[in-house]
Amino acid sequence: MTPHASGQRGLPETAPDPLPIDVVDNHVHLDITREGDEPFDVADAIKAARAVGVTRLVQVGCDLDGIRFTMDAIEAHDELVGGIALHPNEVPRLAAAGRLDEAYAEVERCAVHDRIRVIGETGLDYFRTGPEGVAVQQDGFRWHIDLAKRLGKALQIHDRDAHADVLRILEEEGAPEHTVLHCFSGDLTMARECVERGYYLSFAGTVTFKNARGLRDALTAIPLDRVLVETDAPYLAPAPHRGATNASFLVPVTIRAMAAVLNIDVPALCRAVSDNSERVYGPWGAERNGQSA
């Protein structure tokens, strides 16, 4: 995927300057194409990311089609490890269709794969699912927490308009050793509580938005050994590309903005993100055999 205008919304026309130290895109959806965009080629997307120092990606599939895509992609590309789950908005739909138990069984079958390193994104979303779906969403969140702990996988959490219940359920169930708040959207108080609990906080392009002062304040409360970065591509492109289609080659924009907020140099943040990612997810690709990917 060479950076170029593509489709109605399109990718930014130029890539940012490469990072001085390679990093990980902690959360990307290579299986999803926004309406009006041309389909992306996975190999091209990886190549474009590598060219700017984003050498490893966590591909996340959060419905049954996305899970199947993820299983194929991690087999084909050493630069990828996988995360799989039923998205909190998917759980009520499957339950209503009488297919939730069948879907859980498929998640569990796939999750034992060595290169599935993440159970997620799971969690709660009270923005798109109404009150009638809350109970089954919460049950689904608890199911995924249990699966992550049983399999020794990291947990990635989707939290939209549900901060208090996400933290409560994690406390009640007991969080896995490696728990990540994907696309963190909380405030300074929530960030401090997450740090006290030992969670990792992953920041997307939203941290660059002009109206995200509270999110930048939250970032300042997080020790470097708990910080991750992501795109959530194809969504949430960082400023000045807000509204465009996002992709992993834009991670350097977010990294540089975060370094400025933290008042540290870019290499220091890159090193922390890389080290934290490997601590949470383990090694990528051929590194499993003592080789560089």
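Here is a short report on the structure shown in this document. (Residues numbered from 1 in each chain as written. Predicted model: local features only at pLDDT ≥ 70, side-chain atom pairs only at ≥ 80, totals over all residues. Heavy atoms only, no water.)

Turning our attention to the overall build of the protein chain. For the protein chain, the count of helices and strands is ten helices and eight strands. Its C-alpha atoms give the protein chain a radius of gyration of 18 Å, within 12% of the compact-globule value 19 Å for 293 residues. Considered along the principal axes of its C-alpha atoms, the protein chain spans approximately 45 × 45 × 40 Å. Taking all 293 residues of the protein chain together, 57% fall into the buried category. Relative to all contacts within the protein chain whose residues are 6 or more apart in sequence, the contacts with residues 24 or more apart total 73%. For the protein chain, the computed accessible surface area is about 12,000 Å², with 47% contributed by carbon and sulfur atoms. Separation between the mean location of the 29 positive side-chain charges and that of the 45 negative ones in the protein chain comes to 3 Å. (Helix = DSSP H or I, 4+ residues; strand = E, 2+ residues; numbered from the N terminus. Rg over C-alpha atoms; globule rule 2.2 N^0.38 Å. Buried < 20%, exposed > 50% of the residue type's maximum accessible area, 1.4 Å probe, protein only. Contact = heavy atoms within 4.5 Å. Areas by Shrake-Rupley, 256 points an atom, 1.4 Å probe, with all protein chains shown as cover. Lys, Arg positive; Asp, Glu negative; His and termini not counted. Charge placed at Lys NZ, Arg CZ, Asp CG, Glu CD.)

Glancing now at the layout of surface pockets. Empty space within the largest pocket amounts to approximately 1,000 Å³. Residue lining of the largest pocket: 32 residues in total, with Arg128, His158, Arg160, Asp232 and Leu236 positioned closest to the centre. Put simply, the parts of the chain that give the lining of the largest pocket at least two residues each are helix H3 (90–96), strand S4 (116–125), strand S5 (154–160) and helix H8 (213–219). A class-by-class count of the residues in the lining of the largest pocket yields nine nonpolar, eleven polar and twelve charged. (1 Å grid on protein atoms, 1.4 Å probe; cavity = no way out; pocket = protein on both sides within 12 Å on 5 of 7 lines; lining within 4 Å. Points joined across faces, edges and corners; volume = space filled by probe spheres on them. Nonpolar A, V, L, I, M, F, W, Y, C, P; charged D, E, K, R; others polar.)

A few words on helix H5 (residues 134–151). End to end, H5 covers 26 Å across 18 residues, agreeing with the expected 26 Å (1.5 Å per residue, within 8%). Among all positions in H5, only Gln137, Gln138, Gly140, Phe141, Trp143, His144, Ile145, Leu147 and Ala148 are buried. Buried residues along H5 sit in contact with H3, helix H4 (100–111), S4, S5 and helix H6 (163–173). (Expected span 1.5 Å × (residues − 1).)

What the rule picks out here adds up to one cavity of 30 Å³ or more. By volume, the largest cavity amounts to about 70 Å³. Around the largest cavity sit twelve residues that line it, and Val28, Leu30, Phe40, Ala233 and Ala247 are the ones nearest its centre. Of the residues belonging to the lining of the largest cavity, the class tally is nine nonpolar, three polar and no charged.

Relative to the helices and strands, Asn246 resides in the loop between strand S8 (227–229) and helix H9 (251–262). For Asn246, a relative accessible area of 2% translates into the label buried. Of note is the side chain of Asn246, whose polar atom sits 2.8 Å from the backbone oxygen of Tyr235. Sequence-distant contacts of Asn246, that is, excluding residues within four places in its chain, are made with Leu11, Thr231, Ala233, Pro234, Tyr235, Leu236, Ala237 and Pro238. (Polar contact = N/O pair within 3.5 Å; in protein donor to acceptor, adjacent residues only side chain to side chain.)

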